[in-house]
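# Tertiary structure, described
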Amino acid sequence: MSNSMNLIFETDDLSQASPATVSRNGMIYAEPASMGWTPIFLTWLSELPDYLKDHTPLIKALFEWACPPLFTLVRKKLKEYVVTQDIQLMIGVMRILSMLFKDAITDENSARDCNKHARNWIVSGFIFSLIWSLGATCDTDSRDKFDFFLRNLLSGGLEDHATPQLVGKIEIPLPNEGSVYDVMFDMHGRGRWVPWLELIQNEKVETKNKKLSELIIPTIDTARCKYLMDMFIRYELPLLFIGPTGTGKSAYVMDKLMNGLDRDLFIPLIVNFSAQTKSMQVQDIILSKVDRRRKGIYGPPMGKRLVIFVDDLNMPAREIYGAQPPIELLRQWMDYKAWYDRKDTSKISLVDVQFLCAMGPPSGGRNPITMRFSRHFNICSMNTFSDETMTRIFSTIFNVSLRDRNFPSEYHTTGTQIVAATMDMYKSAMDNLLPTPTKSHYVFNLRDFSRVILGTLLVEPQSIENKRTFIRLWAHEVYRVFYDRLVDDSDRTWLHKKLKNLCKQHFKEEFGVVFKHLATQSQPSEDDMRSLMFGDYLKPEVEVKLYEEVTGLDEFTQVVEQALEEYNQTHKTRMNLVIFRYVLEHLSRISRILKQPGGNALLVGVGGSGRQSMTRLATHMADYDIFQPEISKSYGDVEWKEDLKKVLKTAGKEGKTTVFLLADTQIKSESFLEDVDGLLNAGEVPNLFAVDEKAEIMEAMRPIAMRQDKDAEFTPLMLLNLFTQRCREHLHIILAMSPIGDAFRNRVRKFPSLINCCTIDWFQAWPDDALQLVAQKFLEEVELTDRIRSEIVYVCKHFHQSARILSEKYLEEMSRHNYITPTSYLELITSFKTLLGKKRSEVLRSKRRYEVGLEKLEFAASQVAQMQKELEELQPQLKTAAVENDKMMIIIDKETIEVAAKKEIVVKEEAAANEKAAAAQALKSECESDLAEAIPALEASIKALNTLKPADISLVKSMQNPPSGVKLVMSAICVMNDLKPDKINDPAGTGQKIFDFWGPAKKMLGEITFLKKLFEYDKDNIQVAIMSKIRKEFIPNPDFDPNKVKNASSAAEGLCRWVIAMEIYDRVAKVVAPKKIKLKEVEAEVKELMELLNAKRAELKEVQDRLETLTNQFRDMTLKKESLEKQVDLCAKKLDRAEKLIGGLGGERIRWSEVATSLTLTYDNLAGDVLVASGVIAYLGAFTAKYRDYCVKDWTQFCKSKQINCSLDFNLAKVLGDPVKTRAWNIAGLPADSFSNDNGVIVDMARRWSLMIDPQGQANKWIKNSEKERGLHVVKLTNSDYIRTLENCIQFGRPVLIENVGEELDPSLEPLLLKQTFKQGGVQCIKLGDNTVEYSEDFKLYITTKLRNPHYLPELQVKVSLLNFMITPQGLEDQLLGIVVAKERPELEQERNDLIIQSAQNKKALKEIEDKILETLSASEGNILEDESAIKILNSSKVLSNEIQEKQQIADETEKKINQSRAGYRPVANHASILFFSISDLPNIDPMYQYSLVWFINLFVLSITESPKSKK
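Residues numbered from 1 in each chain as written. Predicted model: local features only at pLDDT ≥ 70, side-chain atom pairs only at ≥ 80, totals over all residues. Heavy atoms only, no water.

## Observations regarding helix H43 (residues 1219-1227)
- Residues of H43 that are buried: Val1220, Thr1222 and Trp1225.
- With its phi angle positive at about 120 degrees, Gly1229 sits one or two positions after the end of H43. (Buried < 20%, exposed > 50% of the residue type's maximum accessible area, 1.4 Å probe, protein only. Helix = DSSP H or I, 4+ residues; strand = E, 2+ residues; numbered from the N terminus.)

## Some thoughts on the pairing of strand S10 (residues 353-359)
- Counting buried positions along S10 gives seven out of seven residues, so the element sits mostly inside the fold.
- Neither face of S10 is left uncovered, since the one carrying Val353, Phe355, Cys357 and Met359 and the one carrying Gln354, Leu356 and Ala358 both have all their residues buried.
- The sheet contact formed by strand S3 (residues 239-242) and S10 spans four bridges and is parallel. Bridged to Ile242 within S10 is Met359.
- Both strand S7 (residues 305-311) and S10 contribute to a ladder of five bridges, which runs parallel. (Pairing = 2+ DSSP bridges.)

## Section: the nonpolar core
- Core analysis: the largest hydrophobic core is formed by 221 residues, its most contacted members being Phe63, Leu313 and Phe355.
- Here the element with the most residues in this core is helix H5 (residues 56-76); it accounts for twelve residues.
- When residues no more than four places from it in sequence are discounted, the contact partners of Phe63 are Trp37, Phe41, Trp44, Pro68, Met90, Val93, Met94, Leu97 and Phe126. (Core = buried A, V, L, I, M, F, W, Y, C linked by side-chain atoms within 4.5 Å. Contact = heavy atoms within 4.5 Å.)

## What about the packing of H5 against helix H8 (residues 140-154)?
- The contact between H5 and H8 brings their axes to 11 Å, and the two run at 150 degrees. With respect to each other, H5 and H8 are oriented roughly antiparallel. With respect to the hand of their crossing, H5 and H8 are arranged in right-handed fashion. Side by side, H5 and H8 meet where Trp65, Ala66, Pro69, Leu70 and Leu73 of the first sit next to Lys145, Phe146, Phe149, Leu150, Leu153 and Leu154 of the second. (Axes fitted to C-alpha atoms, helices over the stretch in contact; angles between N-to-C directions. Parallel < 35°, antiparallel > 145°, perpendicular 65-115°, else oblique. Left-handed = near helix turned anticlockwise from the far one by under 90°.)

## Overview of the packing of aromatic side chains
- Applying the stated rule across the entire model yields 51 aromatic pairs.
- Where Phe407 meets Phe470, the ring centres are 6.1 Å apart and the plane angle is 35 degrees; that geometry is what we call tilted. Of this pair, Phe407 sits in the loop between helix H15 (387-404) and helix H16 (410-432) while Phe470 sits in helix H18 (residues 467-481); the two residues are 63 residues apart in sequence, bridging distant segments of the chain. With respect to class, Phe407 is no different from Phe470; both count as buried.
- When the ring of Tyr810 is compared with that of Tyr1187, the centres are 4.9 Å apart and the planes differ by 70 degrees; the resulting orientation is edge-to-face. Within this pair, whereas Tyr810 is found in helix H31 (residues 786-814), its partner Tyr1187 is found in helix H41 (residues 1185-1201), the two being separated by 377 residues in sequence.
- Exposure remark for Tyr810: the relative accessible area of 1% places this residue in the buried category.
- When its relative accessible area of 3% is taken as the criterion, Tyr1187 is described as buried.
- By way of ring pairs, the aromatic residues Trp37, Phe41, Trp44, Phe63, Phe71 and Phe126 are connected into one cluster.
- Its end group placed over the ring of Tyr794, Lys1202 keeps NZ or CZ at 5.5 Å from the ring centre. (Phe/Tyr/Trp six-rings, centres within 6.5 Å; stacked < 30°, edge-to-face > 60°. Lys NZ or Arg CZ within 6 Å of the ring centre and 35° of its normal.)

The following block contains the structure:
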């Protein structure tokens, strides 16, 4: 700056000014009272219109008389919702008075009335202006004070402020009845005070196409609000409504903008502010609604005005310097009527724009607004409704609803009682259930009142039996609205007692009588009232579901179990839920919320309490769609906006009822909640949709709007508003949040819609009956006695409750957080089921192997003497068998020669017989071949005869002059039957006689047996003369053809075929006959030969049978001899093997017996030991050794008290660990103390992946060394490609270590942490982010954090197995001892390390050898002494075992000597360990005292190196 330049700062205060700034500026303090309101008033007075100029003295006198005492009242006695200035209030008075006169004087008549009654108008108009300016900013109680004071002032009751003479008597005084706020001044004629209610007495409640929640009941408040809005909109002045939530501010203004403005003159715009609203968003929203008129000038279309309603004005969070940028942007327009383009900083002037605003009183998340902005507004407070107003509103709603649905008239009285009782409960809750830091959601407003009434109206007439059903329904709704959010037993007890009193006070009914069916004792208790449920889910199959009372939990349970089964069948991710009363309660609550149009829920509970599972199940029961964002590492604002668009389009465009489920773990940015806040409050997210998307939405809404009202005008704003209404109606937002930490309290404060627009369901800790039922359900299939199973249920419950108490103690004493959730309880039971079965199988298998080994040894010992005796008896038998075999061999040789001779003779004779038989067979085949020609023809003739009918024969017989073909066939038939022809005269007239067969043929045809004779004709003995004649006269004749004869007669055709067949058969038979004779001769000869051959064969068989018998005898004797030889050999071998077995393994008998006995005891204790071990895994991972030991001791004693066998010296590593595996862990870097070994066992056995609190890096070191061979991948969440690494490792089964995590994990890891695998294409898969990856069962995940005392919320703890891996004093002492010995005696430490590795290898080898020996003994079936390979394996294994044992004995002796030498350095290590744990506690004093183990060890090594050498 040059010397000629000056800077002038004008600030409200110096809160943000640094001392440097103050010291460099001159300071001038402008006191507000120094100027006062007089200059502005005089300016306004000078600008009065002409018709008031003459009355300037009166106006001045009125202001100077009334304003000062009223300002004093406002500042000293009244409570304003926001801080105001005298000038601001004075301007408000002048504005209202001016508008009153402008409204009154519209023509010449009204101007004459003004001249005539100006004094009355001015005085009364001034009073009205005072009321709605100075008196409009205060709360309800202050209004009563203002009313009293103003009446006193006007009546002259204040001596210090007497009525000026110029004012004189007020001719139209305020009415004495009611309050000054109950009337308005009407400037017509002389003028009069009109009650506000008179303005609405003719208004009717419009219910057409409106839901109950959308109804606006005309009241005194609606009349006042509407009057003021009309006035200020008409004169383009800003107006600010301020008041508590639920007083109708937004509803009244939005109803005015949407339904009360002339569309030709006004364009409404609604902007909702939230804590995250940014100034650029506001600027973009408003500029998107205006057009460019000319350069730098923007506004709505010409002739229209843009009316902008800003709701929740004071919600934007303050920036670091205290400003609220969105409000500062609006203030800039109020001051300068312009903004600046953010791109080129050019000026943007906005014209024809007007603001209406609404806000709640500053508190919680609502901030005070700067007076620089509020000074522009006339402020009107919207106070809580009076009792009369609330009664009017809700009674009207109730009665309208009952009337429209044809409820009996007697229930209208009950409706009035319900409204009165609800009001009593509402006011009592506001007075007694006050918000505190831990109960920040104890905020009640009229929306809660409304929820009770609207919930009661969900019922239909057919579901109400009587008045008591209505009372129970009302009580149910009160519980759902008020009771379900309570967190303290004392608060819940208070509400229960209050409800009992209200039942008697308002309904004149005894509480015990109304709820008698719920009582388990004489009177229904608070716990009994948990069973009070109403819902529409009992009959899922009906189309119209009725909201009705649940009369039996068993029926409800069946419905839920069926729905759960359907859900699991239709979804990839199954839900394994146990249905008990706790689940039914919350399912019913969520279902009730989903039943209500636009019902939203805030489910508050720790992770694992079932919030999301129950929401999914309730949604499935209601047959709605559910949507939940899939959070990945890359998920951001863009993806969030796309998800919102998808949900809103589904609900708004498609009209599908959709549940939007959002858990607090999915809220990656607070801007997400800002959008949710907008959806809850207004049903929309500002600037969410682009222009083209809005056009698409409007087109989709147009036909829907036409169906509702064909005559309406469908403006873009109206269509978009319809879309918003449908979104609010069809979209249910379910928020699942945890009450742990500050996040919930801060979010509730920043986003009040989370409470105001949601029904709260606070998930309490599982009650006793829930814990008991869940344990019983899961333990049903476990193999236990009924008594033990029953006791284990109580033990599980004790574990859960004692772990919760221990966590509270842990927090109090160590300031460390650990949360016990229902998931922990399920983990306990699941681990118990799994581990018990596994350990039982292991112990039984191991015990059986030792027992089998002992049995084999005992059997071998018992067999030695028996086998020696058996060997002596077998030797003589073997010699006798050898002699008998030799004798039998001589007989067999002799018989063999005789059989061979017989066999040669039979073979020769058999060859001759076969030759003859072959010749006979050839001749027979030849005959059959010849006959094959005749047989088909014969069969054809028979078939032809079968076709002849008597009618056909009669037809031929009746022919007087038959055709030549017929005569020819009949002649042949006559010849075949050997009939003689008749001699007749030649018909040709030759005068000679000729032979004619027709006469005999007719006679023959007349015979009854004609056809029978043909069938039975002796075809084998036809006379030669007959056949010669047939062949000579008929067969050659071309007319003797069946096909030709057929034309003359079908009968003749058949007879013709028969004749031809007989000729063919005769011809063939004559040829075959000689062959048949010859065949008979040959067959006779063959028969004779065969008889002779069979006799020879019989002789041969007799000889062969005798030889075979001898051979079989010889074979049997040989086998007997061989068997005896084998028995002798085997007996000798078995004797040798028994001696070897007894000599090699006999020494193990005592040890094996002891081990088997020990395993029996272990098996008996398994139920208790595994139960305690499961409790350690489920609950105690996050605790230090001291707390773990205390809790384990308590648990074992409790198990003993319940007569459940368990080890008194319980050790987790002993129960679940493997000594060989543990030694390998110790070599890999796991400290050798029992606490660290237990941690290793938990990591190995836990079902969930482990998250290790590892400030000293012990777990990191151990995991890296132990998993090195399997290709461990180490990643950090800050790595850009860690997801890709995870995907590869999951697919190929590699272990992954995620190190150095903070108190939160990436939400995209959730499917992996929960192991949400599923089958796809027959392969196990998991979805990680946007990718589906094949899941290998070999994959392992480890997570570590360096944070010393992290605070992991329950939502994370339920997904992982949280382990405290902080080093123990003993573990650190061992490490430091190793370091000091390595420095002082390096060769000794090296030798010890080598011995440790060698010892571990030896013990591992010994264990493997023993397992091999026992496995061999167990696997050997039958007599072990007969299994040579098994004996060899056992011998070689025992030899190797002996060698290793000798080496191990030497190593043990050497290790003892080394330890004796190392013990001299232990005091140094012990002292250093104590020192480290002393300084590690310093952060409890001040966080700056942070020391790492690496630093301490380096310091320890340095001190050893730098210290002077000892002279000893």
